[in-house]
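Listed below are the residues making up each chain.
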Amino acid sequence: MNERTTYEQLIARKLEQLPLPDFSNVIWENLQKQLDADMPVSDNIPAKPLVGKNLLLKACFAIITAIILTVLLFLWVKKPLIKEKIKMSAPVKKEQVLQKTNEEKTEEQHIPPFRSIENKPKSISLIKHPAALIPLVDSAALMRDSLSNHTISTRKPVISKPSLDTSTYKNPEIKEITDDDYRLIPERKRKKQ
Amino acid sequence: MQAQEAEIALIVKGCLANDRKAQEALFRHFYSFLMPVAMRYSRDELDGADILNRAFMKIFKSMQTFDLGKGSLYAWTKRIVINEGLDHIKSRAKFNYTDEIEFIDDPAIDNSAINKINAEELMAIIRQLPPATHAVFILYAIEGYKHKEIAEQLQVSEGTSKWHLSEARKTLRHKLEDLNVI
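Residues numbered from 1 in each chain as written. Chains lettered and ligands numbered in written order. Predicted model: local features only at pLDDT ≥ 70, side-chain atom pairs only at ≥ 80, totals over all residues. Heavy atoms only, no water.

**Points about the interface of chain B and chain A**
Turning to step 1, where the next piece is worked out: Each side of the interface is counted separately: chain B has 46 residues, and chain A has 35 residues.
Turning to step 2, where the next piece is worked out: Between chain B and chain A, roughly 3900 Å² of surface is buried when both sides are summed, and carbon and sulfur atoms account for 66% of that area.
Turning to step 3, where the next piece is worked out: The largest contributions to the chain B side of the interface with chain A come from B:Arg20, B:Tyr31 and B:Asn53, which together make up 16% of the buried area.
Turning to step 4, where the next piece is worked out: Our count for the contact surface shared by chain B and chain A stands at three salt bridges.
Turning to step 5, where the next piece is worked out: Residue B:Arg20 pairs with A:Asp36 through a salt bridge whose shortest N-O separation is 3.1 Å.
Turning to step 6, where the next piece is worked out: If you look at where chain B meets chain A, you find 15 residue pairs in polar contact (both at pLDDT 80 or more).
Turning to step 7, where the next piece is worked out: At the level of secondary structure, the elements contributing two or more residues to the side of chain B that touches chain A comprise helix H2 (20-40), helix H3 (45-61), helix H5 (111-115), helix H6 (119-127), helix H7 (131-142) and helix H9 (158-178) of chain B.
Turning to step 8, where the next piece is worked out: Per-element accounting of the side of chain B that touches chain A gives the leading share, 10 residues, to H2(B).
Turning to step 9, where the next piece is worked out: Split by residue class, the side of chain B that touches chain A holds 27 nonpolar, 10 polar and nine charged. (Contact = heavy atoms within 4.5 Å. Buried area = accessible area lost by both parts, 1.4 Å probe. Salt bridge = Lys/Arg side-chain N within 4 Å of Asp/Glu carboxyl O. Polar contact = N/O pair within 3.5 Å; in protein donor to acceptor, adjacent residues only side chain to side chain. Helix = DSSP H or I, 4+ residues; strand = E, 2+ residues; numbered from the N terminus. Nonpolar A, V, L, I, M, F, W, Y, C, P; charged D, E, K, R; others polar.)

**Side note on unusual backbone geometry**
Residue and element names in this part refer to chain B.
Turning to step 1, where the next piece is worked out: Non-glycine residue Asn 18 carries a positive phi angle of around 60°.
Turning to step 2, where the next piece is worked out: Within the element layout of this structure, Asn 18 appears in the loop between helix H1 (2-16) and H2.
Turning to step 3, where the next piece is worked out: Located in the positive-phi region is Gln 155, a residue other than glycine, with phi close to 55°.
Turning to step 4, where the next piece is worked out: By the element assignment, Gln 155 lies in the loop between helix H8 (147-154) and H9.
Turning to step 5, where the next piece is worked out: Taking the relative accessible area as the measure of exposure, Gln 155 reaches 66% and is therefore exposed. (Buried < 20%, exposed > 50% of the residue type's maximum accessible area, 1.4 Å probe, protein only.)

**Examining a negative patch on the surface**
Turning to step 1, where the next piece is worked out: A contiguous patch of negative charge on the surface is contributed by B:Asp44, B:Glu45, B:Glu120 and B:Glu121.
Turning to step 2, where the next piece is worked out: With respect to the element layout, B:Glu121 can be found in helix H6. (Patch = residues over 30% accessible without salt bridge, like charges linked within 9 Å, V, L, I, M, F, W, Y side chains within 5 Å. Areas by Shrake-Rupley, 256 points an atom, 1.4 Å probe, with all protein chains shown as cover. Lys, Arg positive; Asp, Glu negative; His and termini not counted. Charge placed at Lys NZ, Arg CZ, Asp CG, Glu CD.)

**Quick notes on the packing of aromatic side chains**
Turning to step 1, where the next piece is worked out: Throughout the structure, instances matching the rule amount to seven aromatic pairs over all chains.
Turning to step 2, where the next piece is worked out: Between B:Phe56 and B:Phe60 the ring centres are 5.8 Å apart and the planes differ by 40°, which places this aromatic pair in the tilted class. Here B:Phe56 pairs with B:Phe60, and both are found in helix H3, just four residues apart, close to one helical turn.
Turning to step 3, where the next piece is worked out: For B:Phe56, a relative accessible area of 0% puts it in the buried group.
Turning to step 4, where the next piece is worked out: B:Phe60 sits in the buried class, given a relative accessible area of 1%.
Turning to step 5, where the next piece is worked out: Ring pairing ties together the aromatic residues A:Trp28, B:Phe27, B:Tyr31, B:Phe56 and B:Phe60, which thus form one cluster. (Phe/Tyr/Trp six-rings, centres within 6.5 Å; stacked < 30°, edge-to-face > 60°.)

So, in structure tokens, the structure goes:
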């Protein structure tokens, strides 16, 4: 197994006698074309294929450069946003939370109750008359402002306090409705009266 | 002999300068030496021409790696053609076999049987071998490589190389029997 047998040596000698096919011209022509494409000589550079090749290379280079620049620009724009997100979602230490709540408490003392409610959206309390807390906007005053200035007023809207008890309000010019108003009287009698 | 060496040195110099005439001279000078080598690893003559074509492209492209002082141009170019031939066979076959053997009885073939058939018939029988077996048989029986060298070249174990040689010998005997020469 590890030695060449005598018949194998004989086969090797016999194969040397194998007739050669005459492909030399065909192979050389093919080789010349490949050499002109891969290893061009300054004298015999075929113009068209090389121009095409260069154009293709340039186009590929331009596309790759454009892709790289786009990716870099995208990353550059995205980076600060990601940082902000991380900052916002970063865990807060217990001490910081306590300090923050203390600050909020001191703020609550100075800010009017309306704003304090706005700052605490999570604290839900039962409100008997929610309409009492909703500020009323004087739309007439706003209209007047806009007409006089012909521009949108930068002033804050006039907020009037809500008036809940309207039953006690009486207009002196309006008479009260009495039982006599509902009584049916014929027209003749009415004229007499 | 010295004149031939000087001529080859001139051709190599021209090839290094990418001179087409020198490249053609090299091709024409080595064609009759390298074409039979390419033919041994091919399925037919056209296949052999394709192997030689690719081998010559490698020769021209890597001419700067050749050192005349270290070895002959014949050996260097033959090595390139063999590698190209093996790549050609590798593209058609897998070499990783699980069957590995250390020793096997070789089927005896009488020299007279080989003498009864001509070179073309012999080559036709060898080409009928499976691609991997074909490669191992040519490398061992014709080129004279050892199993260790074949194993390194084909990236298989020595046992696998031996198994392929054994298979080649058995098949060769069967084919010769079919031809009624044994």
